[in-house]
Structures are given as structure tokens and as C-alpha cells.
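Here is how the chains run, residue by residue.
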Amino acid sequence: MSHGHDSHELPHSHQKQYIILGVVLSIVTFIELGIPLIKGVPELWTAAKEVWAPLLVVLSIFKFGAVVGDFMHLRTDLTLYKILFVSPLFLAMFSFFAIGSLSIVHFHPFGKGYAITAQDLADGYVPPATGATAEPPLADDKFEAAFADAQKTSFAKGKETFTASCASCHRADGGGMPGLGVNLSDDCYKHGGKIAALYTTIAKGVSGTAMPAWQNSMDSEKMRQVAYYVRSLKGTNVAGGKECEGPKE
Amino acid sequence: MSAHADTLTHDSHEAHGHGALSENNFLGLPNIKLAMWAFLGSECMFFGSLIGTYFFYHGNSLSGPLPKDVFSIGITSISTFLLLMSSVTMALGVDAMRQQKPMKARTFILLTAALGACFVGFQVVEFHEFYTEKHLVFAGPNASLFGSTFYTMTGFHGTHVTVGVIWLLIMSVLITKKKLVPGKEAVNVEVMGLYWHFVDIVWIVIFTFVYLLEFLK
């Protein structure tokens, strides 16, 4: 089975197909780019609200398949190569969704996480209230501005609350004070350092110690903000902070 | 040497009779190509976890800026097109090599490298703008989950493109010096093409899921 290298033995050229495929992929990309622009046409946008995001996903899967199948020739190449490439691809997607389902438990302590999206609020999502009455969801038109504003200010507000209510015991930088508040800038927590645990400690206080239950004087939003601020202090290990108390996290 | 031009065609069933070629393994396949597919399989998991991490932390940043504040659709679209076109030129380069036209192949390879370099250039500009003007920090006390995961994910992709550009340039030099000739050795160009196309598909995923879907929200 020996082959010469005469021109008639050369493999068939795919030049034309490649160029056509390039044009097709460009058109698909243009369509993809057009989809976010549809938002500017509210009638069209709302007419098929559920369609746009899945459409984007389908188009990108098409592009993915075209490049792998035709540019990389996997469609017509050996099964061995297909197995080598496609099985890890599925494994990757599987672990993606597996970790994704875990993350809902760990990273969304308040059901929806800190950065509540515009969509959530529009859908009527209300942060869980601890005692305080929750406000009704904002009207759609006020919503975008309020959301952007909230993102910018809430972290600053958390810091503000900390300075006003907590610094007297925990020190302005969270380093803690002898005989008063513990160090919040290390990695040690007596009552848990995860955001949900911090929130609970702040809300319920620690009975038998100086740490007050703040749910009596703060609403849930305020406690959320300060909880995230406290979480951000973790590991900053400010100079002159109190020694580690409680298990390391 | 060039007597075995067919080993690198994608109609690989023709290649099976060539187990005697030193570069081919016992399956009669070019080792280098087999290795590249295995490597790309592992790269799927690598980028899968980077993109996954980005999404699991998405919306959990304690402080801004948020994706919507920093992304600009214009610059990203341009780099997306550059990379897409580079996939076309890469495919044409591989094809020319298979057609035993090394100089034509070299032209396309250089074109691919140029497009790839532009992509990296745009990314550098983007990162610089994000960092200095939008205050999106990668690490340290002012970092956010968005910043860290975004820079890690897109940074690794950019690194892959950079490695690809260097590889393309080395190959074009080898072709110029006739150290790489069509025929059996053209499989080296084909394998480089596989890597390059893979880098393109990673970007297809990032572009849609990270950038475009953000604008739908």
C-alpha cells in the first residue's frame, strides 16, 4: 500500500467549504450581536422574552459544532479522536452542573445571593425579613435605577453601619478590643465565618456576652449589608488585632 | 519523505496501512495528533472549570464594579471576529499544506498569527481599561469575585492565544527554512490547527455566555 505524491494523489481541497463556513459563522455572530440590541425595541423584546437567551445558546452551540466538526474535521475523523475529545467535554459539563447545584446552597445564603438581579426584583423577590416588614417590589420603570444605586451604595452602607454600631467593640478596622469585641479580621470564628452564619450571629447576638442581638434595632437589609462587610474583613489580619478565638475557617 | 502525504488527511482510513512510519504508533496514527486530541480533551475540563467558577460566583461580588459596568460590546465583538477569521485562515493554511503548497500555507499561517496577535492586543487594552478606569481588581483587599474569576478565565484564554501565536510564528520560520516540508510532516501544521481552533471555540463559549448573556439581563 504505497502511495506516490503525484498531484492526482493529493487529498481533495476544502478551501471553498472553509470560506463558505467562515461566511456562515460571521453571519451567525452578527445575529448573536443583534440579539441584545432587541432590548431597545420593547414590543419585540417582550413578544418573545423567553426565546432570546436560549436562542443565543443554540447559536453558540452551532458555532462550536461547526468549528469542531468541520475546521477540526472531527465529524469525519476517527472515532478514537471523537471519544478523546467528547467524553471530557461531557465530563466537564457534568461537573459544571454538579457544582452549580451545590453552589445554590453555599453561595446563596439568602436564597438569591447578595447581588439580587433586576429580574429578581421585577419578579417580586423580597429579601427574607427577620421581624422587619419587607417593602413591596418597585415598579418596573423605577427598578433599573434603584438597582444600580443599591449595588453602589449597599457595601458602603455596610461599612457605615459597622463604623456606627460595631466599631465601639470590634474596633474601626475589625481588629477587636480586649475585653470587648473579638477580632473579625482574622480567619477564626466562634460562631461561623460563612455569610449565613455571620448574619445569624449579628441578628441574634451571642447571649451571655456583650454581643447584642441586632435584629431588635436593625432591619434585615441593614444586617445583610453589615454581614457582607464583616465577611469582607476576613483574612485582612489588621495590625494589633486580638488573638485568634474559635476554630479557623 | 513526502511519499506518505496521505497520513495527514482527515480521511484517515487511508492512513491505516502505515504503521511502519516511525512517527506513527501501533494504531497507525500519528502520535502527535492523538496526543493533541487527548490534550484538548483535558483542556475542555480546564476551561470548563474556569468558566464554571466564573458562573458560580456570578452575582456574588461584595463590591463593584459588576460585569454590566465594565463590559463594552464593541471591542469584544471586534476581537470575536478577529478570532473567527483566524480560524478560517488557519483551516486554509492546513489545507494548503496538504495540497503541498508550503508558501501558500505560510501566508495563511502568518495571517492567522497576525489576527491572533490583534486579539491579544485588544485583550491587553481591555484589561488595562478595566483595571485602571473601571477599578476592576484581580486580587487583594479591593478584589471582587467578579474581578478574580473574570481575569483568571479570560487571562488563561489570552495566554493560550499567545502560545498559539508563538507556535504559528515558529512554524512559519520552519517552513521558510524548509525544515518543515509538506508530506508526512504536514501533520505538525494540522495539529497546530487543532490547537488554534480549540482556542477559538473556547472564545465562542466565553463570548456568548459571559458577554452576550450579560447584556440580555
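Bear in mind that the values here come from a model prediction, so they are computed numbers and not experimental data.

K.L.:
Teacher, can you tell me more about the overall build of chain B here?
P.N.:
Across its full length, chain B holds six helices and zero strands. Each helix and strand of chain B, ordered N terminal to C terminal, gives the series α-α-α-α-α-α. Across the 217 residues of chain B, 58% fall into the buried class. Sequence separation of at least 24 residues holds for 76% of the intrachain contacts in chain B that already meet a minimum separation of 6.

K.L.:
Please clarify how helix 1 (residues 15-37) of chain A should be interpreted in this entry.
P.N.:
In an α-helix, one turn spans 3.6 residues; hence positions three or four apart end up facing the same way. Between its first and last C-alpha, helix 1 of chain A extends 34 Å over 23 residues, near the 33 Å set by a 1.5 Å rise per residue. Buried within helix 1 of chain A are the following residues: A:Y18, A:L21, A:G22, A:L25, A:S26, A:V28, A:T29, A:E32, A:L33, A:I35 and A:P36. Where helix 1 of chain A is buried, its residues meet helix 2 (42-47) and helix 3 (52-71) of chain A together with helix 3 (73-98) and helix 6 (186-216) of chain B.

K.L.:
What is the right way to look at the state of the cysteines in this model?
P.N.:
Covalent bonding between the sulfur atoms of two cysteines defines a disulfide. Residue and element names in this part refer to chain A. Here the structure, examined in full by the defined rule, presents one disulfide over all chains. Covalently, C188 is tied to C244 through a disulfide, its sulfur atoms 1.9 Å apart. Torsion about the S-S bond of the C188 and C244 cystine: about -105°, corresponding to left-handed handedness. Here C188, found in the loop between helix 6 (140-170) and helix 7 (195-204), pairs with C244, found in the segment after helix 8 (220-233); they are 56 residues apart in sequence, far enough to count as distant. There is no disulfide at C166, and the cysteine sulfur nearest it, in C169, is 8.8 Å away. Taking relative accessible area as the criterion, C166 reaches 13% and is therefore assigned buried. Overall, C169 belongs to the partly exposed group, its relative accessible area being 24%.

K.L.:
I keep staring at a nonpolar patch on the surface and nothing clicks. Help me out?
P.N.:
All names here are of chain A. On the surface, I19, V23, I27 and I31 cluster together into a nonpolar patch covering about 340 Å² of accessible area. With respect to the helices, strands and loops of the structure, I19 is situated in helix 1. Residue classification places I19 among the partly exposed residues on the basis of a relative accessible area of 43%.

K.L.:
Teacher, can you tell me more about the nonpolar core here?
P.N.:
For soluble globular proteins, nonpolar side chains are generally found buried alongside one another. Counting 83 residues, the largest nonpolar core has A:F85, B:F71, B:F150 and B:F198 as the members making the most contacts within it. At the level of secondary structure, the elements contributing two or more residues to this core comprise helix 1, helix 3 and helix 4 (79-106) of chain A together with helix 1 (31-56), helix 3, helix 4 (102-132), helix 5 (145-176) and helix 6 of chain B. The greatest single-element share of this core, amounting to 21 residues, is contributed by helix 6 of chain B. Apart from the residues lying within four places of it in its own chain, the contact partners of B:F71 are B:Y54, B:F130, B:F146, B:F150, B:V210, B:Y211, B:E214 and B:F215.

K.L.:
Explain the confidence of the model for chain A to me, please; I cannot follow it from the model alone.
P.N.:
All names here are of chain A. When pLDDT is averaged across chain A, the result is 78; 75% of the residues are at 70 or more. Ignoring residues within four places in sequence, the model shows residues 103-116, a span with pLDDT below 50, making 38 contacts including any to other chains. Taken as a whole, residues 127-137 scores under 50 in pLDDT and shows 17 contacts with residues more than four places along the chain or in a different chain.

K.L.:
What should I look at first to understand the environment of A:A53 in this one?
P.N.:
Summarising the element assignment, A:A53 is placed in helix 3. Judged by its relative accessible area of 29%, A:A53 is partly exposed. Measuring from C-alpha to C-alpha, the distance between A:A53 and A:E32 comes to 10.0 Å, with 21 residues separating the pair along the chain. Apart from residues lying up to four places away in sequence, A:A53 is in contact with B:L213 and B:L216.

K.L.:
I tried to follow the packing of helix 4 of chain B against helix 5 of chain B on my own but got confused; where do I start?
P.N.:
For any two helices packed against each other, the geometry is given by the interaxial angle and the distance between the axes. Residues and elements named next belong to chain B. For the pair helix 4 and helix 5, interaxial distance at closest approach is 9 Å and the crossing angle is 155°. Considering their axes alone, helix 4 and helix 5 lie roughly antiparallel with respect to each other. Crossing geometry of helix 4 relative to helix 5 is assigned as left-handed. Across the contact of helix 4 with helix 5, the residue classes break down as 18 nonpolar, ten polar and two charged.

Procedures and definitions
- Residues numbered from 1 in each chain as written.
- Chains lettered and ligands numbered in written order.
- Predicted model: local features only at pLDDT ≥ 70, side-chain atom pairs only at ≥ 80, totals over all residues.
- Heavy atoms only, no water.
- Helix = DSSP H or I, 4+ residues; strand = E, 2+ residues; numbered from the N terminus.
- Buried < 20%, exposed > 50% of the residue type's maximum accessible area, 1.4 Å probe, protein only.
- Contact = heavy atoms within 4.5 Å.
- Expected span 1.5 Å × (residues − 1).
- Disulfide = S-S within 2.5 Å.
- Patch = residues over 30% accessible without salt bridge, like charges linked within 9 Å, V, L, I, M, F, W, Y side chains within 5 Å.
- Areas by Shrake-Rupley, 256 points an atom, 1.4 Å probe, with all protein chains shown as cover.
- Salt bridge = Lys/Arg side-chain N within 4 Å of Asp/Glu carboxyl O.
- Core = buried A, V, L, I, M, F, W, Y, C linked by side-chain atoms within 4.5 Å.
- pLDDT = per-residue confidence, 0-100.
- Axes fitted to C-alpha atoms, helices over the stretch in contact; angles between N-to-C directions.
- Parallel < 35°, antiparallel > 145°, perpendicular 65-115°, else oblique.
- Left-handed = near helix turned anticlockwise from the far one by under 90°.
- Nonpolar A, V, L, I, M, F, W, Y, C, P; charged D, E, K, R; others polar.

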